[in-house]
Amino acid sequence: MSTVEERSYVEAARREKRAALEARGVPAFAYRFERTHTASEALASYRDDLGDPGPRVRVAGRLDRLGSHGKTTFGHLEDPSGRIQVYFRQDVLGEDYDIVGLLDLDDHIGVEGMLFRTRKGEITIKADRLTMLAKSLRPLPRGKIQKTEAGAVSYGDLQ
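Residues numbered from 1 in each chain as written. Predicted model: local features only at pLDDT ≥ 70, side-chain atom pairs only at ≥ 80, totals over all residues. Heavy atoms only, no water.

Q: Can you help me understand the sheet that holds strand β4 (residues 108-117) in this one?
A: Within a sheet, adjacent strands bond to each other through the backbone by hydrogen bonds, running parallel or antiparallel. Taking strand neighbours around the barrel as the criterion, the 5 strands line up as β1-β2-β3-β5-β4 in a closed arrangement whose pairing is mixed. Here the average twist between neighbouring strands, direction ignored, is 55°. Summarising the sheet, strand β2 (residues 72-79) and strand β3 (residues 82-89) pair through 8 bridges and their orientation is antiparallel. The partner of L77 across the bridge, within β3, is I84. (Pairing = 2+ DSSP bridges. Helix = DSSP H or I, 4+ residues; strand = E, 2+ residues; numbered from the N terminus. Axes fitted to C-alpha atoms, helices over the stretch in contact; angles between N-to-C directions.)

Written as structure tokens, this is what we have:
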């Protein structure tokens, strides 16, 4: 375990967020989350002919991207099967929206909500429940992705 002197400012900030979660009564490491779908199964279960909202899903995974826009936040949840976009709204989550502000990349979370298609055409979970599964205290290495004719090639990340 690293000492306080050895911790980077990133790790220190993540530890502060973990303490803030625990102060709110949110355990930083949950005991259990029952998912109904993997990311790829959730994507496959959405059909345009069903209309919005689509089926209700419970998906768990690692937070791969996170971007806040006022009272809404978009993120990507990644599991071994693939990735799916997640949409958090303050008016839907209520007080739990404060937890979204304490999330970092690589945190493991569980989300529950209805599927819908965004204006850009991406199938997304509109989260009405959020469960913190494991707080990431150290960031994972991020590689560069290069698109080629054969597909995407990743350099410098975890393999």
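Q: Help me understand the nonpolar core in this model?
A: One broad trend across soluble globular proteins is that nonpolar side chains are buried collectively. Grouped together as the largest cluster of nonpolar side chains are 26 residues, with contacts concentrated most on L77, I84, F88, I109, V111 and L130. Looking at this core, the elements that each hand over two or more residues are α2 (39-45), β1 (56-69), β3, α4 (97-100), β4 and β5 (123-134). Looking at this core element by element, the count peaks at 5 residues for β5. (Core = buried A, V, L, I, M, F, W, Y, C linked by side-chain atoms within 4.5 Å. Buried < 20%, exposed > 50% of the residue type's maximum accessible area, 1.4 Å probe, protein only.)

Q: I would appreciate a short explanation of the packing of aromatic side chains in the present structure.
A: This model, assessed by the stated rule, comprises 2 aromatic pairs. Taken together through their ring pairs, the aromatic side chains of F74, Y87 and F116 make up a single cluster. It is R58 that lies over the ring of F33; its NZ or CZ is 4.3 Å from the centre. (Phe/Tyr/Trp six-rings, centres within 6.5 Å; stacked < 30°, edge-to-face > 60°. Lys NZ or Arg CZ within 6 Å of the ring centre and 35° of its normal.)

Q: I would appreciate a short explanation of the pattern of salt bridges in the present structure.
A: When the charged atoms of two side chains with opposite charge come close together, those side chains can pair. By the definition in use, this model includes 16 salt bridges. For the salt bridge of R138 with E11, the shortest nitrogen-to-oxygen distance reads 3.5 Å. In this pair, R138 is assigned in the loop between β5 and β6 (144-148) and E11 in helix α1 (residues 9-23), connecting sequence segments 127 residues apart. Relative accessible area serves as the criterion here: at 5%, E11 is assigned to the buried category. A salt bridge links R32 to E34; the shortest N-O distance between them is 2.8 Å. Accessibility expressed as a relative area gives 59% for R32, which makes it exposed. A network of salt bridges, in which partner residues are shared, links R56, R58, E112, D128 and R129. (Salt bridge = Lys/Arg side-chain N within 4 Å of Asp/Glu carboxyl O.)

Q: How do you make sense of α1 when you look at a structure like this?
A: Every α-helical turn comprises 3.6 residues, leaving residues that sit three or four positions apart pointing alike. Relative to the 21 Å expected for 15 residues at 1.5 Å per residue, α1 spans 21 Å between its end C-alpha atoms, a close match to the ideal helical length. Along α1, the residues that are buried comprise E11, R14, R15 and L21. Within α1, the buried residues cover an arc of 115° as seen down the axis, which keeps them to one side. Looking at α1, the residues exposed on the side facing more than 90 degrees away from the buried face are Y9, E16 and A23. (Expected span 1.5 Å × (residues − 1). Arc of directions from axis to C-beta.)

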